[in-house]
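Below are the chains, spelled out letter by letter.
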Amino acid sequence: MTDPAVDAARPPTGPAPRGLDLDRLAAHLATHRPELAGPLSARLIAGGKSNLTYLLRAGDREVVLRRPPLGHVLATAHDMAREHRVISALAPTGVPVPEALLLCADESVIGAPFYLMAKVDGEVYRRRAQTDALTADQRRDLALAMMDTLATLHRVEPAEVGLADFGRPDGYLGRQVRRWAGQLDRSRSRPLPGIDELRDALAGSVPEGANAGRVVHGDYRLDNLLASVDPVAVRAVLDWEMATLGDPLADLGLLLTYWDVLGDSEHAEGNPVADGIGPRAGFPTGAELIDRYAGRSDVDVGPLHWHVALGCFKLAVICEGIHYRHTLGQTLGEGFDRIGEMVAPLVAHGLHAVRER
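Residues numbered from 1 in each chain as written. Predicted model: local features only at pLDDT ≥ 70, side-chain atom pairs only at ≥ 80, totals over all residues. Heavy atoms only, no water.

> Sorry, what's going on with the overall build of the protein chain here?
On a plain count of helices and strands, the protein chain comes out with 10 helices and 9 strands. In the protein chain, which comprises 357 residues, the share counted as buried stands at 53%. In the protein chain, the proportion of contacts linking residues at least 24 apart, taken out of those at least 6 apart, comes to 72%. A total of about 15,500 Å² of accessible surface is found on the protein chain, and carbon and sulfur atoms cover 50% of it. (Helix = DSSP H or I, 4+ residues; strand = E, 2+ residues; numbered from the N terminus. Buried < 20%, exposed > 50% of the residue type's maximum accessible area, 1.4 Å probe, protein only. Contact = heavy atoms within 4.5 Å. Areas by Shrake-Rupley, 256 points an atom, 1.4 Å probe, with all protein chains shown as cover.)

> Explanation requested: the packing of aromatic side chains in the structure shown.
The geometry of two aromatic rings is summed up by the distance between their centres and the angle between their planes. Evaluation of the coordinates by the stated rule reveals 1 aromatic pair. Measuring from centroid to centroid gives 5.2 Å for W259 and F283, while their planes differ by 65 degrees, and the two rings are edge-to-face. Here the residue W259 occupies a position in helix α7 (residues 248-262), and F283 occupies one in the loop between α7 and α8 (286-295), the gap between them amounting to 24 residues. The residues W259 and F283 share a single accessibility class, namely buried. Geometry around F166 places R82 over its ring, the cationic atom sitting 4.0 Å from the centre. (Phe/Tyr/Trp six-rings, centres within 6.5 Å; stacked < 30°, edge-to-face > 60°. Lys NZ or Arg CZ within 6 Å of the ring centre and 35° of its normal.)

> Teacher, can you tell me more about helix α4 (residues 136-155) here?
Side chains of residues three or four places apart in an α-helix project in the same direction, reflecting 3.6 residues per turn. In a regular helix each residue adds 1.5 Å, so 20 residues correspond to 28 Å; α4 covers 29 Å between its end C-alpha atoms and thus fits that length. Counting buried positions along α4 yields 14 of 20 residues, so the element is predominantly enclosed. (Expected span 1.5 Å × (residues − 1).)

> Got a minute to help me understand the side chain of N211 in this structure?
Mapped onto the elements, N211 comes out in the loop between α6 (195-203) and β6 (214-216). Within polar-contact distance, the side chain of N211 engages the backbone oxygen of D300 at 3.1 Å. Not counting residues within four places of it along the chain, the set of residues in contact with N211 comprises G246, D247, P248, L249, V299 and D300. (Polar contact = N/O pair within 3.5 Å; in protein donor to acceptor, adjacent residues only side chain to side chain.)

This is the structure:
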């Protein structure tokens, strides 16, 4: 889950934003990408707890720079080489990704590893004001294009694109449960009825993982896509920091949690993690998304109920962590006072889903 992006339509202006040393960067580019050498300007597109994204202008050309958050401590969670590797590997496939231009592991250049990728024209749909401007046909076609792109990703054979060693698919689902259970223990600040029951139910019923070993995005959702609506198309899939080899149903289950649980909640309107998506915003239902995906994928969606429950648990833990930070005055922006309201419906839906057969 990433923080809301700053509007990317404006050109970069003013002094260098925090996290970039433009003089050192220009010197580095003069050696490694001379076509980008010269005076640089930049501005932050998206930032926060996730990786930082800047729009960089070199002369009349614009590119995008990604680097870890300022002061980050968990390098493996913000691995620039990993993101650069996966978009480079997927470039010759049918998965739309930005062109990877440069990877720099030398922290002396801007203070952290970074990579450059080509700027892709399109819009990130994350607010109700944006999706309300679409016609009913555009909303439907955009949702279906989102599912077609996910199915295309999951059809990629990792070994054929040099990603055979990109993750550890064996035990992936069990590790996911343990990871988010540990995060829950670090996020508790109030009673959370049912969440321990959900955790235990997930841990005691991990599927065999018949679909394991595919490339998974890790946080696939509408606002991690650059899209166009004239014509409707997914132009690029963004934010690959959680990508690995695992069970593709984890991507589908998490997407449906955003879509049908958060997006269809009475608390969705104006909520920074739920606004503008799902049936309440005029998009097709989750059942229609599943049908579209199943018709274009060879993945068995039979165990999907467990993966939806995992998605509910994961997002409940994330929302509780944001709620806790908000109570400590550690969140910036609007709407975070309502994040805590999402935890109870997520837990309730997760318990219902994990009990399905």
